[in-house]
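This is what each chain is made of:
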Amino acid sequence: MADSLKSHVEVSSSGADAFIRAYYDMFDTQRMNLSALYRDTSAILWNGNAFSGIQPFTEFYNKLAVSEHTVLSYDCHPLPTQASDPGTPGSIIVNVSGTVKYSNEANQRLFSQSFILSPDPATPDKRFYIWSDCLRFV
Amino acid sequence: MHIDLILLFLPYGLDFDLDGFTVIIYAYTSSPYQRPGRNNRAESSAPSNSNDGNKIIVFVNGTSIGNDERLIDFLRRRSSPAKLSISNQQSNIDGSMVSFVLPDMQQARTVKALSGIKFNGQKLTIKTTVDKELSQQSSTGNTSTSQKSAGTIDAIRTFIQSRHNNGFLDLENMAADPTLRAASIVPPGGKMSRTNVGPVMMKVAKELFPDITTISFASNHLKSLQPISAVAQYFPKLQNLSLKGNDIQSYKDIENLAGKKLSSLRELILLDNPLRDRDIARNKDDLAYRSQITKMFPSLQVLDQVPVAPKISFGLGDIANDSVSSSTLPKPIQGNFFDSPGTQAMVLEFLTSYFQLFDTNRAALVNMYDNNATFSYAFVAEMSPLQRSQNKRGDTWNDYKGSRNMTRNKDLTSRTQKLHVGNNAIIQQGLLALPETAHDLSDASKVCVDAWQTGTLLPAICIYISVHGEYEQIRGATKGRKSFDRSFIIAPAPPNSQAAMNGWKCLIISDQLTVRNYNGSKAWQPEALPSASTGPAPGAFAPAAAVPTAPSQISGHVPAQNAPAQPPAIGLEGLV
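Predicted, not measured: the structure shown is a model, and the values here were computed from it.

Enquirer: Lay out the interface of chain A and chain B in plain terms, naming residues and giving numbers.
Expert: At the junction of the two partners, chain A supplies 53 residues and chain B supplies 59 residues. At the boundary of chain A with chain B, the tally comes to three salt bridges. When the shortest N-O distance is used, the salt bridge between Asp17 of chain A and Arg415 of chain B registers 3.0 Å. Where chain A touches chain B, the interface holds 22 residue pairs in polar contact (both at pLDDT 80 or more). Sorting the residues of the side of chain A that touches chain B by element identifies helix H1 (2-29), strand E1 (38-46), strand E2 (49-52), helix H2 (54-63), strand E3 (67-78), strand E4 (92-102), strand E5 (109-119) and strand E6 (128-137) of chain A as the ones contributing at least two each. By residue class, the composition of the side of chain A that touches chain B is 25 nonpolar, 19 polar and nine charged.

Structural data, given as structure tokens:
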């Protein structure tokens, strides 16, 4: 049990490590690639504004000024799996706390962002995508 | 709203001690270890196991009560204003039980009501030889309490009526008011004033005079605005506020009404408070003081009866969220989000019960977590923008050593150790290791909730919940106010689960907490509509002759279109 927990933690937390690095780097420097991480079914909430579909969300974040995110904290849990195949990785929930500075604003903002990442059954290697993304300035 | 009224008459301060959930039955047996108390106050003989004539014996049990004098003092304080005539006090040898005698049912009821209260960090169980009679009385309606409650409300109503005139509520020097004195009501600012006297007064005032635009709290010995913070809840469009002649020492003490809470506030008086006097003495002028106050109350036009200088910036140290105009963002900030009213009802019910137990009886949450649930928390040590703006220091990690913050916990062992799996581990190693807290959900503006259903993501249809808010850390190295973010995933409780049998509709699957240095609640306030601009005008508290030049300040007429956008109420009030 302990070993299986450890392996769950290893899989989920190294996934979170990689995701956190990639996501904010992409948001700050290659925002045009960001949409690849989302699906049209992704649940996206930005400061109380809900987006349905990648297109409206892409239009929205392209209007945001150039950003510089600094991650101060993140944490991640494995979630129960739906699949009958025990080899299929389950979803994970990742919570991030950090600061963001937009180029058209004088001060940093604090943000709290929470992702649920899920394997996409449509991709052959079950690549993870952002199942939900909930961001708030805090 | 009936909650306020009930709480008012609990015979003890209600901040952290409410515990209506767990009753631990302590079976008293005549202990061979009983010994005479160290400081028997009365001459009567040792208590027997029976009801000795009219005397009632009370047994207070806890694992290490220790010094019984301190316990007795504590019970006396908590029973105030009722006076306890305690006699024949005794304790057993290991300090786990204290007994004493009370002369009448009234006092017994008062003390019995304290059962479950925490003393020295542990819960006390209080039994009396008249428990049966007490419970029968309370089930048939506690007449003396309800009479007292009706009398108190009537007194507050009479008092408010006597202090109101044409939109102006003059609550100056309430301690000297004969109506309040006659009803033994200690007003806000008074010694041992109950925490909800202020809220009840404001609620009554709102019911009687909804058009109040001006309130004076002059000369009430207020040390902070906490006791009167309900002003923002009941009169969010208040225009004029006087705090003249109180005992306000620091800017922190007025935070309770600062920011956008009173978005229409145009005049504020802080004359004759140590905060103002000291700041001016130190700086030799009032520039820094006026700068700070106008920053904290951005809508202010008149401060201390002098018009606020228009659009003058007083330098650095802006509060980040204040100085950033929303126009730099492509979408305005919106209030709480729920994907359906059903989700909203479920989530609010869950959060209300959860945080109440989290504050008062964390161990009882064991049934709310799934056998395979996960919990962890992360501590963010960096200073918040609000702290930085106030030149405060950030908190240390001392009380949050189990933080799983993965920017700092890189190795697999600590990441595994700090992830708590299963309901028992979550309670014992996770939640109970966190410092004691008090979450205040009554002010909806201080909490932000987003929630939606998870569809087919998980084996059951769950609800994802993201909560942002604040709590008071009650003790410990870093005690004080903290901000937090919390993500829950909750599933419907299966019919025969422990959760369902304990009355919970939901079961927690995943729970992540982030604790941050306090940063207030401005960041998630929905964008308020611009208020009508009026130039600086004489204040409403100006001498009577000046009043007619600004009639609207007193008339109470606030055009409806100036109402600030209100976030959906998620406080307890909206629930019950």
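Enquirer: So, the sheet that holds strand E11 (residues 240-242) of chain B: which residues are in play, and what are the values?
Expert: Residue and element names in this part refer to chain B. Overall, mixed pairing links the seven strands, which are arranged E8-E9-E10-E11-E12-E13-E14 in an open sheet. Here the strands that pair on one side only, and so sit at the sheet edges, are strand E8 (164-165) and strand E14 (306-307). Direction of pairing for strand E12 (residues 267-269) relative to strand E13 (residues 302-303): parallel, over a ladder of two bridges. Bridge pairing links Glu267 to Val302 in E13.

Enquirer: Can you break down the sheet that holds E3 of chain A residue by residue, with the values?
Expert: Note on sheets: strands pair through backbone hydrogen bonds, and any given pair is parallel or antiparallel. All names here are of chain A. Strand order in the open sheet made by the six strands is E2-E1-E6-E5-E4-E3, with mixed pairing throughout. On the outer flanks of this sheet lie E2 and E3, each paired with one strand and no other. The sheet shows a mean angle of 15° between the axes of neighbouring strands, direction not considered. Alignment of E1 against E6, held across five bridges, turns out to be parallel. For Ala43, the partnering residue across the bridge sits in E6 and is Ser132. Contacts from H2 reach E1, E2 and E6, with the element oriented near 50° to E1.

Conventions adopted
- Residues numbered from 1 in each chain as written.
- Chains lettered and ligands numbered in written order.
- Predicted model: local features only at pLDDT ≥ 70, side-chain atom pairs only at ≥ 80, totals over all residues.
- Heavy atoms only, no water.
- Contact = heavy atoms within 4.5 Å.
- Salt bridge = Lys/Arg side-chain N within 4 Å of Asp/Glu carboxyl O.
- Polar contact = N/O pair within 3.5 Å; in protein donor to acceptor, adjacent residues only side chain to side chain.
- Helix = DSSP H or I, 4+ residues; strand = E, 2+ residues; numbered from the N terminus.
- Nonpolar A, V, L, I, M, F, W, Y, C, P; charged D, E, K, R; others polar.
- Pairing = 2+ DSSP bridges.
- Axes fitted to C-alpha atoms, helices over the stretch in contact; angles between N-to-C directions.

Keep in mind that these numbers describe shape and distance, not what the molecule does.
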